[in-house]
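# A structural walkthrough
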Amino acid sequence: MEPGDPSQLGARLVPRGLNVAVLAPDATQIELCLFAPEPDTAGAPSRVSREIARFALPGRADGVHHGLLTPEAFAALPGVVEAARIAAELAGAALPGVV
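Residues numbered from 1 in each chain as written. Predicted model: local features only at pLDDT ≥ 70, side-chain atom pairs only at ≥ 80, totals over all residues. Heavy atoms only, no water.

## So, the overall build of the protein chain
When helices and strands are tallied, the protein chain shows one helix and seven strands. In sequence order, the secondary structure elements of the protein chain are arranged as β-β-β-β-β-β-α-β. Here the protein chain holds 99 residues, and the buried ones make up 29% of them. Accessible area for the protein chain stands at about 6,200 Å²; split by element, carbon and sulfur atoms hold 57% of it. (Helix = DSSP H or I, 4+ residues; strand = E, 2+ residues; numbered from the N terminus. Buried < 20%, exposed > 50% of the residue type's maximum accessible area, 1.4 Å probe, protein only. Areas by Shrake-Rupley, 256 points an atom, 1.4 Å probe, with all protein chains shown as cover.)

The following block contains the structure:
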């Protein structure tokens, strides 16, 4: 994963891959987690997912953590399919007033 474009928040397919930008000024690190559906007993994708990869977003600008997952990085991952799901995991100190 390489630094991405922090100007558009969210996960977006761009010509160079998947750009991810998350506004989280209090987070010390954000990881992009990729999940692939587990096949059911008949071999079809099911609603149950398993984590197949995790990447720390390497860029940070004005409280926005960002990264670009290139097509080459996708190709190197086992089990990535069109139905793959993504999630972000944040790490850092608790926000004031939040338990």
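## Examining the nonpolar core
In this structure, Leu 32, Leu 34, Phe 55 and Leu 69 are the most contacted members of the largest nonpolar core, which totals 15 residues. Breaking this core down by element, the ones donating at least two residues are β2 (17-23), β3 (29-39) and β4 (45-56). A total of four residues in this core trace back to one element, the largest contributor, which is β3. In contact with Leu 34, not counting residues within four places along its chain, are Arg 50, Glu 51, Ile 52, Ala 53, Phe 55, Leu 69, Phe 74, Leu 77, Arg 85 and Ile 86. (Core = buried A, V, L, I, M, F, W, Y, C linked by side-chain atoms within 4.5 Å. Contact = heavy atoms within 4.5 Å.)

## So, the side chain of Glu 31
Tracing the backbone shows Glu 31 in strand β3. A polar side-chain atom of Glu 31 sits 3.0 Å from a polar atom in the side chain of Gln 29. At 2.8 Å, the side chain of Glu 31 and the side chain of Arg 54 are in polar contact. For Glu 31, the residues in contact, after removing those within four places along its chain, are Arg 54, Phe 55, Ala 56, Ala 87, Ala 88 and Glu 89. (Polar contact = N/O pair within 3.5 Å; in protein donor to acceptor, adjacent residues only side chain to side chain.)

## Things to note about the confidence of the model for the protein chain
Predicted confidence across the protein chain gives a mean pLDDT of 80, with 77% of residues reaching 70 or more. Per-element mean pLDDT across the protein chain ranges from 74 in strand β7 (residues 85-91) up to 97 in strand β5 (residues 59-61). This model gives residues 95-99 a pLDDT under 50, and the stretch forms one contact once residues within four places in sequence are excluded. (pLDDT = per-residue confidence, 0-100.)

## Section: the sheet that holds strand β6 (residues 64-69)
On the basis of which strands lie adjacent, the open sheet formed by four strands has the order β1-β2-β6-β5 and antiparallel pairing. Looking at the sheet topology across the chains shown, the edges are occupied by β1 (10-14) and β5. Along the sheet, successive strands turn relative to each other by an average axial angle of 20 degrees, direction set aside. Sheet topology places β5 next to β6; three bridges connect them, and they run antiparallel. Each residue of the ladder has a partner; that of Arg 60, found in β6, is His 65. (Pairing = 2+ DSSP bridges. Axes fitted to C-alpha atoms, helices over the stretch in contact; angles between N-to-C directions.)

## As for the pattern of salt bridges
Applying the stated criterion across every chain, the model contains three salt bridges. Where Arg 16 meets Glu 2, a salt bridge forms, and the shortest distance between an N and an O atom there is 2.2 Å. Taken as a pair, Arg 16 in the loop between β1 and β2 and Glu 2 in the segment before β1 lie far apart in primary sequence, 14 residues in all. Residue Arg 16 is classed as exposed on the basis of its relative accessible area of 51%. In this structure, Glu 31 and Arg 54 form a salt bridge, with 2.8 Å as the shortest nitrogen-oxygen distance. Here Glu 31 is found in strand β3, whereas its partner Arg 54 is found in strand β4, with 23 residues between them in sequence. Exposure remark for Glu 31: the relative accessible area of 18% places this residue in the buried category. A relative accessible area of 35% places Arg 54 in the partly exposed class. (Salt bridge = Lys/Arg side-chain N within 4 Å of Asp/Glu carboxyl O.)

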